[in-house]
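Descriptive structure summary
These are the residues of each chain, in order.
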Amino acid sequence: MKALKGRPELYTSYAQDMAFLNTRPKRAWTGGLVVFALVVPFLITDDLLQLLATGFVAAIGAIGLNIVTGYAGQVSLGHAFFLAIGAYTGAALSGSQTGRVIGFGITSLPVWLLASGLVAAFFGVLVAPVAVRLRGLYLAIVTLGLVFLGEHVFREWTSLTGGPGIGRPAAVPELFGVRLDRDNALFTAAQQLYLVMFVLLVIFGVLARNLVRSRVGRAFAAVRDRDLAASVIGVDLTRYKVLAFAVSSFYAGVAGALLFVVNGFFDPGSFSLLLSVQYIAMVLIGGAGTISGAVMGALFITLLPRITRELPAVLPFVSGDATGVITVFQLEAVLYGVLIIVFLIVEPRGLFGIWVRVRNYWRTWPFSY
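What comes next concerns the included structure. Keep in mind that this is a model prediction, so the values were computed, not measured.

Ranked by internal contacts, the top residues of the largest apolar core, which has 96 residues, are Ile 60, Ile 63, Trp 112, Tyr 251, Leu 258, Phe 271 and Tyr 279. At 13 residues, the largest contribution of residues to this core is made by helix α3 (residues 46-71).

What follows is about the packing of aromatic side chains. Under the defined criterion, the tally for this structure stands at 17 aromatic pairs. Ring geometry for Phe 122 against Phe 123: centres 5.7 Å apart, planes inclined by 80 degrees, an arrangement best described as edge-to-face. By way of ring pairs, the aromatic residues Tyr 88, Phe 154, Phe 260, Phe 266 and Phe 271 are connected into one cluster.

In this model, helix α5 (residues 109-133) (25 residues) spans 37 Å end to end at C-alpha, consistent with the 36 Å of a helix rising 1.5 Å per residue. Along α5, the sharpest kink reaches roughly 35 degrees, centred on Val 127 and followed within four residues by the proline Pro 129. Buried residues of α5: Leu 109, Trp 112, Leu 113, Ala 115, Ser 116, Gly 117, Ala 120, Ala 121, Gly 124, Val 127, Ala 128 and Ala 131, and no others.

The next thing to look at is the packing of helix α4 (residues 79-94) against helix α12 (residues 273-286). Axis separation between α4 and α12 bottoms out at 7 Å; the angle between their running directions is 110 degrees. The angle between the axes of α4 and α12 places the two elements in the roughly perpendicular class. Along its contact with α4, which presents His 79, Ala 80 and Leu 83, the element α12 presents Leu 275, Ser 276 and Tyr 279. Tallied by class, the residues present in the contact of α4 with α12 amount to 4 nonpolar, 2 polar and no charged.

With respect to the element layout, Val 196 can be found in helix α8 (residues 189-212). Classification of Val 196 by relative accessible area gives buried; the value is 16%. Here the alpha-carbon distance between Val 196 and Ala 58, two residues 138 residues apart in the chain, equals 14 Å.

With that settled, consider the pattern of salt bridges. Throughout the structure, instances matching the rule amount to 6 salt bridges. Asp 181 is paired through a salt bridge with Arg 179; the nearest N and O atoms lie 2.9 Å apart. Residue class for Asp 181 comes out partly exposed when judged on its relative accessible area of 29%. The shortest N-O distance in the salt bridge between Asp 227 and Lys 241 comes to 4.0 Å.

Here we take up the layout of surface pockets. A probe as big as a water molecule, rolled over the atoms, marks out the empty space that is left. Here the largest pocket is characterised by a volume of approximately 1800 Å³. As for the largest pocket, its lining consists of 46 residues, of which Thr 30, Leu 33, Ser 292, Met 296 and Trp 355 are closest to the centre. When contributions to the lining of the largest pocket are tallied by element, the ones reaching two or more residues are α2 (24-39), α3, α8, α13 (291-308) and α15 (350-364). In the lining of the largest pocket, the residues fall into 31 nonpolar, 7 polar and 8 charged. Of the pockets and cavities examined, the second largest pocket occupies roughly 750 Å³. Along its surface, the second largest pocket is lined by 26 residues, and Thr 54, Asn 263, Gln 278, Thr 302 and Pro 305 are the ones closest to its centre.

Let us look at the side chain of Asp 227. Along the chain, Asp 227 falls in helix α10 (residues 227-232). Judged by its relative accessible area of 14%, Asp 227 is buried.

With that settled, the discussion passes to the environment of Leu 344. Position of Leu 344 among the secondary structure elements: in helix α14 (residues 328-346). In this structure Leu 344 comes out as partly exposed when scored by relative accessible area, which is 45%. In the structure, Leu 344 is positioned 57 residues away from Gly 287 in sequence and 9.6 Å away in space, judged by C-alpha atoms.

Within the fold, Lys 241 resides in helix α11 (residues 237-259). For Lys 241, a relative accessible area of 4% translates into the label buried. Discounting residues that sit within four places of it in the chain, Lys 241 has contacts with Gln 74, Ala 128, Ala 131, Val 132, Val 223 and Asp 227.

What counts, and where the lines are drawn
The residue numbering used here restarts from 1 in each chain and proceeds along that chain's sequence as written. The model is predicted, so local features are restricted to residues of pLDDT at least 70 and side-chain atom pairs to those at 80 or more, both for listing and for counting; the totals for chains, interfaces and linings are taken over all residues. To get the side-chain values, all heavy atoms of the structure are used, and hydrogens and water are removed first. Grouping buried Ala, Val, Leu, Ile, Met, Phe, Trp, Tyr and Cys residues that are joined through side-chain atoms within 4.5 Å yields what is termed a nonpolar core. Under the scheme applied here, a residue whose accessible area is under 20% of the maximum for its type counts as buried, over 50% as exposed, and between as partly exposed, the area being computed with a 1.4 Å probe on protein chains only. Labels follow the DSSP assignment, with helices taken as runs of H or I lasting at least four residues and strands as runs of E lasting at least two, numbered in each case from the N terminus. Whether two aromatic rings pair depends on their centres lying within 6.5 Å, for rings of Phe, Tyr and Trp, where Trp uses its six-membered ring; planes under 30 degrees apart make the pair stacked, over 60 edge-to-face, and the rest tilted. Helix span, expected: 1.5 Å multiplied by one less than the number of residues in the helix. What we call the bend at a residue is the angle made by axes fitted to the seven residues finishing there and the seven residues starting there. Only C-alpha atoms enter the line fits that serve as axes; for helices the fit covers just the stretch in contact. Angles between N-to-C directions range over 0 to 180 degrees. An angle counts as roughly parallel when it lies under 35 degrees, as roughly antiparallel when it exceeds 145, as roughly perpendicular when it falls between 65 and 115, and as oblique in every other case. Only heavy atoms matter for contacts: two residues are in contact if any of them lie within 4.5 Å across the pair. The nonpolar class holds Ala, Val, Leu, Ile, Met, Phe, Trp, Tyr, Cys and Pro. Asp, Glu, Lys and Arg form the charged class, and all remaining residues, Gly among them, are polar. By definition here, a salt bridge exists when the distance from a side-chain nitrogen of Lys or Arg to a carboxyl oxygen of Asp or Glu is within 4 Å. Site definitions follow a grid-based scheme: protein atoms alone, a 1 Å grid, a 1.4 Å probe that fits but cannot get out for cavities, and for pockets an open set with protein on both sides within 12 Å along at least five of seven lines, plus lining residues having an atom within 4 Å of a point. Grid points are joined across faces, edges and corners, and a volume is the space filled by probe spheres set on the points.

Right, here's the structure in full:
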């Protein structure tokens, strides 16, 4: 039975309330955003398209971190490690067989993208048993160690990574025999990458949204809220913690494989602790425990450097090099920490929480209740 006419939020079944887009405004807003996103490539310049494409990829990785941290409650500071696993898997599979670094010549995007996610998920499963025995700060420290371990391994494994300061080409994006990183008669390379990244974000976002609305998602929430109580009511803690790390690592591997496709090049220094901090900032600023919040936070953090790069023209003490009181790069690092603190204190639900408050205000306007 459908919702009664004139009462769009009055439902007579649990399935209606749990529907993916359960109100007409949600369907309208979602449809409008999709149409707008598909029109954008023909309205703005290629450099902005590349930035947005990078933001879409970062959003996939942020969704993965949100699953393990926001939904399952397992604090992870090692996201950069799993991003690196995906990046090097994709680059190695699609790389040239005659190049200076390891390459297998498999340039089909679906093949190396899926493989990157699976390899990262495998390493996530290896790490997951630690999560069963540890939690909170202790788990955070262990996952933080993965970042430093990965930095050392990738720095020394030069046949795979190319070495510090040298690096290697990113994965080759080829779909149905078409190179997406090259202009063609219909689209520029930036337009093609933007559209592909947007489609992938929609796919992985919908998959994640359905996962967290399922029995598995409810088990994640139970483990997050109180793992002892979850165990008492029959939730298998080991199974669901391992599953949370596996899914999160899969998303990170996919994002890592795609992250440097736009730039075309990366080296071991690209996966430092700062990258993990950036993803933590995406989740906390966007809104922990929400898929939409992860997307908002990822786009916000991705666009932030573009804004700070313009500050030297406005603020004399900020410079683009080492001549000023503070450089734009130092300012960005400071802003990550400041924004995390501000959002945790002022708006714990992040940008998504702000959107909910604005939406609720206009839903009841002009009344205050």
